Amino acid sequence: MNDLLTKLSDCIEFGKINSASPYPPQMKGQDGADEITRLALETGVNPQDILSKGLMPGMERVGIKFRENKVFVPQVLMSAKAMSTAMLHLKPHFLSGAAKQKGTFIIGTVLGDLHDIGKNLVGMMVEGNGYKVIDLGTDVSSEKFIAAVKENPNAVIGLSALLTTTMVNMEKITKDIKDAVPGTLVTIGGAPVNSDFCHKIGADNYSADPQGVVEYLNVKFA
Amino acid sequence: MSNLPEKNIMSKLIQEIQKGRVLVSDGAWGTFLQKKGLNPGECPEQWNITRPNDVFDIAQSYIEAGSDMVETNSFGGNYFKLKGYGLQDQVFEINKAAAEISRKAAGTERFVLGSVGPTGKLLLMEEVTEIELYNVFKDQSIALEAGGVDAIVIETMTDLEEARIAVKAAKENTGCEVICTMTFDKILGGEYRTMMGISPAEMTEALIEAGADIIGANCGNGMADMIGIVKEIRKVNAQIPILIHANAGMPQYCDGETTFPETPADMAGRVKEIIDAGANIIGGCCGTTPDHICEVHQIVKSL
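To keep things clear, this report deals only with the structure shown in the data block. Numbers given to residues run from 1 along each chain, matching the order in which its sequence is written. For this description, chains carry letters from A and ligands carry numbers from 1, given in the order in which they are written. A pLDDT threshold of at least 70 governs which residues receive local features in this predicted model, and a stricter bar of 80 or more applies before side-chain atom pairs are shown or counted, although totals over entire chains, interfaces and linings include all residues. Side-chain descriptors were evaluated using all non-hydrogen atoms of the structure, hydrogens and water having been removed beforehand.

**Considerations on the layout of surface pockets**
Gaps left between atoms are located by rolling a probe of water-molecule size over the structure's atoms.
Residue and element names in this part refer to chain B.
Line of reasoning, step 1. In this model, the second largest pocket occupies a volume close to 360 Å³.
Line of reasoning, step 2. If you trace the second largest pocket, you find 18 residues lining it, with Thr31, Gln34, Lys35, Glu257 and Thr258 closest to the centre.
Line of reasoning, step 3. Mapped onto the lining of the second largest pocket, the elements with two or more residues apiece are helix H2 (30–35) and strand E11 (257–259).
Line of reasoning, step 4. Only runs of H or I of at least four residues qualify as helices and only runs of E of at least two qualify as strands under DSSP, and these elements are numbered from the N terminus. Here the element with the most residues in the lining of the second largest pocket is H2; it accounts for 4 residues.
Line of reasoning, step 5. For the lining of the second largest pocket, a count of residues per class yields 5 nonpolar, 10 polar and 3 charged. Definitions used throughout: a 1 Å grid over protein atoms alone; a cavity as a set of points that fits a 1.4 Å probe which cannot get out; a pocket as an open set with protein on both sides within 12 Å along at least five of seven lines; a lining residue as one with an atom within 4 Å of a point. Grid points are joined across faces, edges and corners, and a volume is the space filled by probe spheres set on the points. Classes in brief: Ala, Val, Leu, Ile, Met, Phe, Trp, Tyr, Cys and Pro nonpolar; Asp, Glu, Lys and Arg charged; the others, Gly included, polar.

Structure representation (structure tokens):
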């Protein structure tokens, strides 16, 4: 196992962005995801390996710890920040085709709901696990989801809602998407929803945590 | 509004609590507004200007149910949330109106709590600075005081830093008592943590140090788990008054409608236990109605 990739996965797991970042305290002064990714590319490590053997294992570990309530939102956000810093270096390689993403995931908070913390967390975790993520933001209508899936055939759609007052909008949006582009898969999440609700509104999957979305996508894009 | 009653000058919440009284707070606002026709995508706080009579009805129904205090329709009345609706220039008007409506319903004998919710901006992600947060909470608190609230209730907080800044801003810029409640989930190990990982014990000293007069928990749990949260606070602090706004259980979805499972009797049935655990003010959050508050009031009165 490449030493740099092991270090990189640790940076992602513990949220070490760059050497200047004071977080996490136990890694103070060490190189972060920023420096290590650059160094790995300079020393000729395959961009695909950086993604799949460096970033993804780190993201997976923090995702599992989050699911097990061993870490909370702040730690995941720092991991995601470290990951997106690394991704900036990798982006040219995705564009050139030297590295490939596993599939496309479209995410948005449903119409009427302006909350984005949970939606952003999922988006960042999914991206960190090797997917292209299209974030439509908050208060997203059926039309916007449909337009995005038409532009990105075979993308999976993720719907988020925080409020008991807006979760009901998931039903119409799910139906509209499936009417417009039959076969599109819809996964839902958010504090008030559960698998029973998912089943009732005709969505395809419910995940209680971001890692669950990643696992669902890994099965669907396998 | 004309002929507005003065604020409750008779007493302060903490003086009532020090007399050994258990006080009853109000129930849900969001789910109630919806029942009155609030549409998805509509700004709830704008109703203070456009539909003040409907907002007044809600406040009044809780007063009639026997509540000792009523909140204001201003949970999302901060600059950032209002900006989502293009109403960021009306922070003062909207919050002042919210306070005036609840004051009118409460009269001079009951308390009015000015509701302040989170901004939705994360300090950690550098979406906002501490100074910006402070000023946003300051502006909202000042407007609520101008409309006649007795206390500011900062609620549904999950980030301790944001909660501390809000408490300071309310304390340093108004003469109101300051209450702060956070929202906890029961995690896998059976402990309680906010989404950001804060425990009730961790919250306690930090909020008191920031200047909170009363602390507690709202939303996220029904009464049963709130009892555990009260016990945890009491383990680290015997004195600080505790306010609990419990949900009527966790939401369930049926035939296009969201419902909450706990009946007024279910809620009232836990009141004695939560008082024994150390709670001083008991009210409701999502899914609770005037009927819930009425039954809680009956139990509290009988104890």
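**Some details on the environment of Glu232(B)**
Residue and element names in this part refer to chain B.
Line of reasoning, step 1. Structurally, Glu232 can be placed in helix H10 (residues 223–236).
Line of reasoning, step 2. Sequence spacing of Glu232 and Pro264 is 32 residues, and the spatial spacing of their C-alpha atoms is 25 Å.
Line of reasoning, step 3. Only heavy atoms enter the contact rule, under which two residues are in contact if any of them lie within 4.5 Å. Filtering out sequence-adjacent residues up to four positions away, Glu232 remains in contact with Tyr192, Ser199, Pro200 and Ala201.

**Focus on the interface of chain B and chain A**
Line of reasoning, step 1. With 24 residues of chain B at the contact, the number on the chain A side is 25 residues.
Line of reasoning, step 2. What counts as buried area is the accessible surface, traced by a 1.4 Å probe, that two parts surrender upon association, with contributions from both included. Here chain B packs against chain A, burying approximately 2200 Å² in sum over the two surfaces, 68% of which is carbon and sulfur.
Line of reasoning, step 3. It is Leu124(B), Met125(B) and Tyr253(B) in chain B that bury the most area against chain A; as a group they hold 30% of the surface buried on that side.
Line of reasoning, step 4. The working definition used for a salt bridge is a side-chain nitrogen of Lys or Arg within 4 Å of a carboxyl oxygen of Asp or Glu. In this assembly, chain B and chain A are joined by 1 salt bridge.
Line of reasoning, step 5. A salt bridge links Lys81(A) to Glu126(B); its shortest N-O distance comes to 3.7 Å.

**Overview of the side chain of Glu13(A)**
All names here are of chain A.
Line of reasoning, step 1. Take Glu13: it is sitting in helix H1 (residues 3–14).
Line of reasoning, step 2. Whether a residue is buried, partly exposed or exposed follows from its accessible area with a 1.4 Å probe, protein chains only, as a fraction of its type maximum: under 20%, in between, or over 50%, in that order. Using a relative accessible area of 12% as the deciding quantity, one classes Glu13 as buried.
Line of reasoning, step 3. Excluding its chain neighbours within four sequence positions, the residues that come into contact with Glu13 are Gly58, Arg61, Val62, Lys65 and Ser79.

**What to know about the sheet that holds strand E5 (residues 177–182) of chain B**
Residue and element names in this part refer to chain B.
Line of reasoning, step 1. One open sheet holds the 8 strands; their spatial order is E1-E12-E9-E8-E5-E4-E3-E2, and the pairing between them is parallel. Two strands bound the open sheet, and with one partner strand each, they are strand E1 (23–24) and strand E2 (69–71).
Line of reasoning, step 2. Across 4 bridges, the pairing between strand E8 (residues 214–218) and strand E9 (residues 242–246) is parallel. Along E9, the bridge assignment pairs Ile215 with Ile242.
Line of reasoning, step 3. Axis definition: a line fitted to C-alpha atoms, limited for helices to the stretch in contact. Angles are taken between N-to-C directions and run from 0 to 180 degrees. Along the sheet, helix H6 (residues 91–106) contacts E2 and strand E3 (111–116); its crossing angle with E3, the most-contacted strand, is approximately 155°. Pairs of strands are assigned from DSSP output, requiring at least two bridges between the strands.

**Let's talk about the environment of Lys301(B)**
All names here are of chain B.
Line of reasoning, step 1. Counting through the fold element by element, Lys301 comes out in helix H13 (residues 290–302).
Line of reasoning, step 2. Overall, Lys301 belongs to the exposed group, its relative accessible area being 57%.
Line of reasoning, step 3. Once the C-alpha coordinates of Lys301 and Lys83 are considered, the two residues, 218 residues apart in sequence, prove to be 43 Å apart.

**Looking at the sheet that holds strand E3 (residues 156–160) of chain A**
Residues and elements named next belong to chain A.
Line of reasoning, step 1. As summarised here, the arrangement of the 5 strands in space is E2-E1-E3-E4-E5, forming an open sheet in which the pairing is parallel. Edge strands, defined here as strands with exactly one partner in the open sheet, are strand E2 (132–135) and strand E5 (205–206).
Line of reasoning, step 2. Summarising the sheet, strand E4 (residues 186–189) and E5 pair through 2 bridges and their orientation is parallel. Among the inter-strand pairings, Thr187 is bridged to a residue of E5, identified as Asn205.
Line of reasoning, step 3. Helix H6 (residues 142–151) contacts strand E1 (104–109) and E3 of the sheet and is inclined by roughly 170° relative to E1.

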